[in-house]
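Each chain, letter by letter, is given below.
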Amino acid sequence: MLQDVALNCFNITQSYLSIDAGNVLATSGHVIRQTQEAIQTSRQYLLQDIFTRWDPFNGDISFSYNGGKDCQVLLIIYLGCLWEFFLSSIEGSQYGPQFHKFPLQQLPTVYIDQEDTFDTAQEFLQASVDRYYLSLYESAKDKKIDMPSAFESFLTVHPETEAIVIGVRHADPFGESLRPIQKTDPSWPQFYRLQPLLHWNLSQIWSFLLYSGEEMCGLYEMGFTSLGSVNNTVRNPYLRVPEPIASFTKADTKHSDFQWEIENNFRGDSKTHFNKINETDLTKIRNHDASEFHPGWYLTKDEWERAGRLAKK
Ligand code: ATP
């Protein structure tokens, strides 16, 4: 049930926030402390600025999700905040949360299906629908339809939507001047863009996601650092073995900066989890480049996150 997942996401977030960063190895501790601050800022946007203005339980808000690492991080934090918001709504009741009905059975979500994505990414998206109880609107697959028109069609089907949560960050292309809450441009269908993850950097994303122990899209394990179209995205060249790893912070290429997070993950099994790489994808990826690659989280330099994008043909 969504209620259980929201509680679990709340527990993941609280557990991360309670890590005693001072007792963790010097580099990891520093990133963890910064990530804890980033989480608190995102929670503040959601609980104080967003949920007080748009009711997350009555369809005002939809969540844009494609299975990428950024929206997955935001989804975990968002669901955790939904649990907190639910708790605050029953505050003062003499009955515990188990005696109250969680007001939502599925999370309204929107996916714009424009690009030819890897099958592995599609399969991960479908697995996310089950795992996180998403009620997923998928736009008609038509590459000729532009983004604004795809959202226009979405709003025709879901006119109750006033605002859409987006996992964009300042480091993303065109992300620099975005604000946490802003209206769409006049040329777009009108809704509010809710962007509570803007201030996060790449290290913080990996630190939290690896600590969560949640299953991630398998492409990241193969050396992808961002999910793009199958026609223009390859593994990140900075992660090719035996080239130096991109952070240049360690001579030891067997370990990433996030070994502590993996060993102490919330799931308690000290492992990373991914959906299985689709066989067709595997052949395509290996045919393009037979080299070995470090997993995506060995790259922590924001500027190189999209180095695996080829120029559009
Ligand atoms: P990654 O950078 O690893 O691919 P990501 O997909 O989460 O992770 P971006 O590609 O930077 O991040 O996209 C920013 C945000 O825009 C996503 O987090 C998601 O909220 C939204 N988004 C991107 N592509 C789509 C899509 N096809 N459908 C719906 N929302 C999307």
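Predicted model, so just to flag it, every value in this text is computed and none were measured.

Criteria and cut-off values
- Residues numbered from 1 in each chain as written.
- Predicted model: local features only at pLDDT ≥ 70, side-chain atom pairs only at ≥ 80, totals over all residues.
- Heavy atoms only, no water.
- Near = heavy atom within 4 Å.
- Polar contact = N/O pair within 3.5 Å; in protein donor to acceptor, adjacent residues only side chain to side chain.
- Areas by Shrake-Rupley, 256 points an atom, 1.4 Å probe, with all protein chains shown as cover.
- Helix = DSSP H or I, 4+ residues; strand = E, 2+ residues; numbered from the N terminus.
- Expected span 1.5 Å × (residues − 1).
- Buried < 20%, exposed > 50% of the residue type's maximum accessible area, 1.4 Å probe, protein only.
- Salt bridge = Lys/Arg side-chain N within 4 Å of Asp/Glu carboxyl O.
- Pairing = 2+ DSSP bridges.
- Right-handed = clockwise from strand over helix to strand, strands pointing away.
- Contact = heavy atoms within 4.5 Å.
- Domains from an automatic or database assignment.
- Buried area = accessible area lost by both parts, 1.4 Å probe.

1. Description of the site of the ligand
Then comes step 1: Lining the immediate surroundings of the ligand are 20 residues, of which Ser 64, Lys 69, Ile 112, Tyr 220 and Leu 227 lie closest.
Then comes step 2: Contact distances for the ligand include 2.8 Å between an oxygen atom and a backbone N or O atom of Ser 64.
Then comes step 3: Ile 112 has a polar backbone atom sitting 2.8 Å from a nitrogen atom of the ligand.
Then comes step 4: Calculation on the ligand without its partners gives an accessible area of 580 Å², and the protein chains cover 86% of this total.
Then comes step 5: The leading source of residues in the shell around the ligand is helix 3 (residues 69-89), at three residues.

2. A few points about helix 3
Then comes step 1: Along its 21 residues, helix 3 runs 30 Å from first to last C-alpha, staying within 8% of the 30 Å computed at 1.5 Å per residue.
Then comes step 2: Counting buried positions over the 21 residues of helix 3 gives 17, a clear majority of the element.

3. With respect to the pattern of salt bridges
Then comes step 1: A full pass over the atoms with the stated rule returns 13 salt bridges.
Then comes step 2: Measuring nitrogen to oxygen at the nearest pair gives 2.6 Å for the salt bridge that ties Glu 305 to Lys 69. Pair noted here: Glu 305 is in the segment after helix 9 (279-288) and Lys 69 is in helix 3, with a separation of 236 residues, a long-range link.
Then comes step 3: Under the relative-accessibility criterion, Glu 305 is labelled buried at 3%.
Then comes step 4: Taking relative accessible area as the criterion, Lys 69 reaches 2% and is therefore assigned buried.
Then comes step 5: Between Asp 113 and Lys 141 there is a salt bridge; the shortest N-O distance is 3.3 Å. Here the residue Asp 113 occupies a position in the loop between strand 2 (107-111) and helix 4 (119-131), and Lys 141 occupies one in the loop between strand 3 (134-138) and helix 5 (147-157), the gap between them amounting to 28 residues.
Then comes step 6: Look at Lys 141 and you get partly exposed, because its relative accessible area is 46%.
Then comes step 7: A single network of salt bridges, built from pairs that share partners, joins Lys 69, Asp 70, Arg 169, Asp 302 and Glu 305.

4. Regarding the pairing of strand 2
Then comes step 1: For strand 2, the buried fraction is high: four of the five residues fall into the buried class.
Then comes step 2: The pairing of strand 1 (residues 61-64) with strand 2 spans two bridges and is classified as parallel. Following the sheet pairing, Phe 63 is matched in strand 2 by Thr 109.
Then comes step 3: Following the backbone out of strand 1, through helix 3 and into the adjacent parallel strand 2, one traces a crossover that is right-handed.
Then comes step 4: With five bridges joining them, strand 2 and strand 3 adopt parallel strand pairing. Along strand 3, the bridge assignment pairs Tyr 111 with Glu 138.

5. Some remarks on the side chain of Asn 275
Then comes step 1: Structurally, Asn 275 is set in the loop between helix 8 (259-263) and helix 9.
Then comes step 2: Looking at Asn 275, its side chain comes within polar contact range of the main-chain nitrogen of Gly 218, at 2.7 Å.
Then comes step 3: In contact with Asn 275, other than residues within four places in its own chain, are Thr 120, Glu 123, Phe 124, Glu 215, Met 216, Cys 217 and Gly 218.

6. Remarks on the domain arrangement of the protein chain
Then comes step 1: The assigned domain composition of the protein chain is domain 1 (2-194) and domain 2 (202-303).
Then comes step 2: Computed from C-alpha atoms alone, the centre-to-centre distance between domain 1 and domain 2 is 22 Å.
Then comes step 3: Taken together, the contact pairs 38 residues of domain 1 with 39 residues of domain 2.
Then comes step 4: In total, about 3,300 Å² of surface goes out of reach between domain 1 and domain 2, with carbon and sulfur atoms giving 65% of it.
Then comes step 5: A per-residue breakdown of the area domain 1 buries against domain 2 is headed by Lys 69, Phe 118 and Thr 120, which together make up 24% of the total.
Then comes step 6: There are two salt bridges connecting domain 1 and domain 2.
Then comes step 7: Mapped onto the side of domain 1 that touches domain 2, the elements with two or more residues apiece are helix 1 (2-17), helix 2 (26-50), helix 3 and helix 4.

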